Amino acid sequence: MSEQSRPVRGEHKYEQEISSVDEHEEREGRSLITTNHEVIRRWAEERKARPATVPGTEHEGRPGVLRFDFPGYGGGDLQEISWDEWFTTFDARELNFIYQEHKKDGSQSNFFRLESPHREDA
């Protein structure tokens with residue numbers, strides 16, 4: 001898959017924007033934000049996480065709530081989907097991926113959230 005991304009939408013004064021796999025956090029514990037598919041895929045694969053959705057949340061035949069299934073974290077209620085399905089849904093909703101590479105102590109972080117800049121309560 002080629003690197004695909006679109007501009008990050010919304011105001012993000014506390015997150016460092018990452019636009020390629022060659023960019024990394026300025027300091028450990030820093031919140032990052034991206035829409036770049038290869039950055040997101042690499043982050044997930046480094047943690048052995050698989051793209052997933054929450055069953056029963058589908059919309060018009062597309063995956064509903066997007067998640068990652070991390071091994072050892074009880075993802076039994078998640079349904080694995082393809083990267084293509086995950087990214088098609090991510091882009092259709094114009095989501096931003098907010099995440100951490102490392103915690104402040106330097107250990108690997110699994111923190112992420114998906115943000116919709118169109119939601120008023122986000």
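This write-up is about the structure you can find in this document. Nothing here was measured: the structure is a model prediction, and the numbers come from that model.

## Here's the deal with the pairing of strand β4 (residues 66-69)
Burial of β4 is one-sided: the residues L66 and F68 facing one way are buried, the residues R67 and D69 facing the other way are not. When strand β3 (residues 50-53) meets β4, the two strands line up antiparallel, connected through 4 bridges. The residue bridging A52 from the neighbouring strand is R67, located in β4.

## Let's talk about the nonpolar core
The biggest cluster of nonpolar side chains holds 20 residues, and the ones touching the most others in it are W43, F68, W86, F90, F97 and Y99. Apart from the residues within four sequence positions on either side, F68 is in contact with I40, W43, A44, A49, R50, P51, L78, W83, W86, F97 and F112.

## As for helix α1 (residues 37-46)
Within α1, 7 of the 10 residues are buried, leaving the element largely enclosed by the surrounding structure. What α1 keeps buried is the set H37, E38, V39, I40, R41, W43 and A44. Residues of α1 that are buried sit in contact with β2 (32-34), β4, α2 (83-92), β6 (96-99) and β7 (112-115). With a side-chain oxygen lying 3.0 Å from the backbone nitrogen of E38, the N-terminal cap of α1 falls on N36. Trailing α1 by a residue or two, K48 shows a phi angle of about 60 degrees, which is positive.

Definitions and limits used
Residues numbered from 1 in each chain as written. Predicted model: local features only at pLDDT ≥ 70, side-chain atom pairs only at ≥ 80, totals over all residues. Heavy atoms only, no water. Buried < 20%, exposed > 50% of the residue type's maximum accessible area, 1.4 Å probe, protein only. Helix = DSSP H or I, 4+ residues; strand = E, 2+ residues; numbered from the N terminus. Pairing = 2+ DSSP bridges. Core = buried A, V, L, I, M, F, W, Y, C linked by side-chain atoms within 4.5 Å. Contact = heavy atoms within 4.5 Å. Polar contact = N/O pair within 3.5 Å; in protein donor to acceptor, adjacent residues only side chain to side chain.

Limitation: the analysis is restricted to geometry and does not speak to function.
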